[in-house]
Amino acid sequence: EDQVTQSPEALRLQEGESSSLNCSYTVSGLRGLFWYRQDPGKGPEFLFTLYSAGEEKEKERLKATLTKKESFLHITAPKPEDSATYLCAVTRGATNKLIFGTGTLLAVQP
Amino acid sequence: DTEVTQTPKHLVMGMTNKKSLKCEQHMGHRAMYWYKQKAKKPPELMFVYSYEKLSINESVPSRFSPECPNSSLLNLHLHALQPEDSALYLCASSQDMGGEEFFGPGTRLTVL
């Protein structure tokens, strides 16, 4: 059965304290892995798409990486405005539907 | 234009009311989606339209009725909803099914 697991469920960081969020997946025929950021009461904001193991993408303080079993979202020197829920999702060729993980709630304290 | 818009932002309705949610995108995307999201849960897929035709219905109760009038618009008609249907309803679009999905801001629905 296709499954996406995110850890930790919640993470509290001090401003400037770098860390990583994990997204592990079991899916046959991975088509793409997607990272989203969601602020409370708002729609998810697209961050990155990764397609193959070894691929990396960066945007400001965020860097996403992909292996055959998991993806990491690295946050370097976070700021309070990085506080949000980060969602990971995958698609596989047969269904083309996003399969979401349960998210990581990140809080960055000044 | 690189955004998905949704109206209304908030909606309160009784169990006997009929209302509609609207979604619009002008990115030329051919796939459009409706999701339901409960607090502290990920979005849950309801319907997918591809090239204006219903492609996926995730066994959604018939009190939710989707409509795709044209390639830019997506509606969700609501009738005889239950209090447990209260949630954030999200619309999304992508170039094609399986591609990067871009979400709208959502409609916060409360059923009394």
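So, here is what we can say about the structure in this document. Every value quoted in this text rests on a predicted model; they were computed, and no experiment measured them. (Residues numbered from 1 in each chain as written. Chains lettered and ligands numbered in written order. Predicted model: local features only at pLDDT ≥ 70, side-chain atom pairs only at ≥ 80, totals over all residues. Heavy atoms only, no water.)

Next up on the list: the pattern of salt bridges. Summed over all chains, the structure comprises nine salt bridges over all chains. In this structure, Asp82(A) engages Arg61(A) in a salt bridge whose closest nitrogen and oxygen atoms are separated by 2.8 Å. Of the two residues, Asp82(A) sits in the loop between strand E8 (70–75) and strand E9 (84–92) while Arg61(A) sits in the loop between strand E6 (56–59) and strand E7 (62–66), which places them 21 residues apart along the sequence. A network of salt bridges, in which partner residues are shared, links Lys36(B), Arg63(B) and Asp85(B). (Salt bridge = Lys/Arg side-chain N within 4 Å of Asp/Glu carboxyl O. Helix = DSSP H or I, 4+ residues; strand = E, 2+ residues; numbered from the N terminus.)

Further remarks concern the state of the cysteines. Two cysteines, two sulfur atoms, one covalent bond between them: this is a disulfide. Tallying each qualifying case throughout the model produces two disulfides over all chains. Sulfur-sulfur distance for the disulfide between Cys23(A) and Cys88(A) comes to 1.9 Å. On the sign convention where negative is left-handed, the bridge of Cys23(A) and Cys88(A), at about -60° about the S-S bond, is left-handed. With Cys23(A) in strand E3 (residues 19–26) and Cys88(A) in strand E9, this pair connects stretches of sequence that are 65 residues apart. By relative accessible area, which is 0% here, Cys23(A) ends up buried. Residue classification places Cys88(A) among the buried residues on the basis of a relative accessible area of 0%. Each sulfur in the disulfide pair Cys23(B) and Cys91(B) lies 1.8 Å from the other. Measuring the twist about the S-S bond at about -70°, one finds the Cys23(B)-Cys91(B) disulfide to be left-handed. Remark: Cys91(B) occurs in strand E9 (residues 87–94) and Cys23(B) occurs in strand E3 (residues 18–25); sequence separation between them is 68 residues. The same class applies to Cys23(B) and to Cys91(B), which are both buried. Here Cys68(B) is not disulfide-linked; the sulfur of Cys23(B) is the nearest cysteine sulfur, at 9.3 Å. For Cys68(B), a relative accessible area of 13% translates into the label buried. (Disulfide = S-S within 2.5 Å. Buried < 20%, exposed > 50% of the residue type's maximum accessible area, 1.4 Å probe, protein only.)

All we've got here are geometric facts, nothing functional implied.
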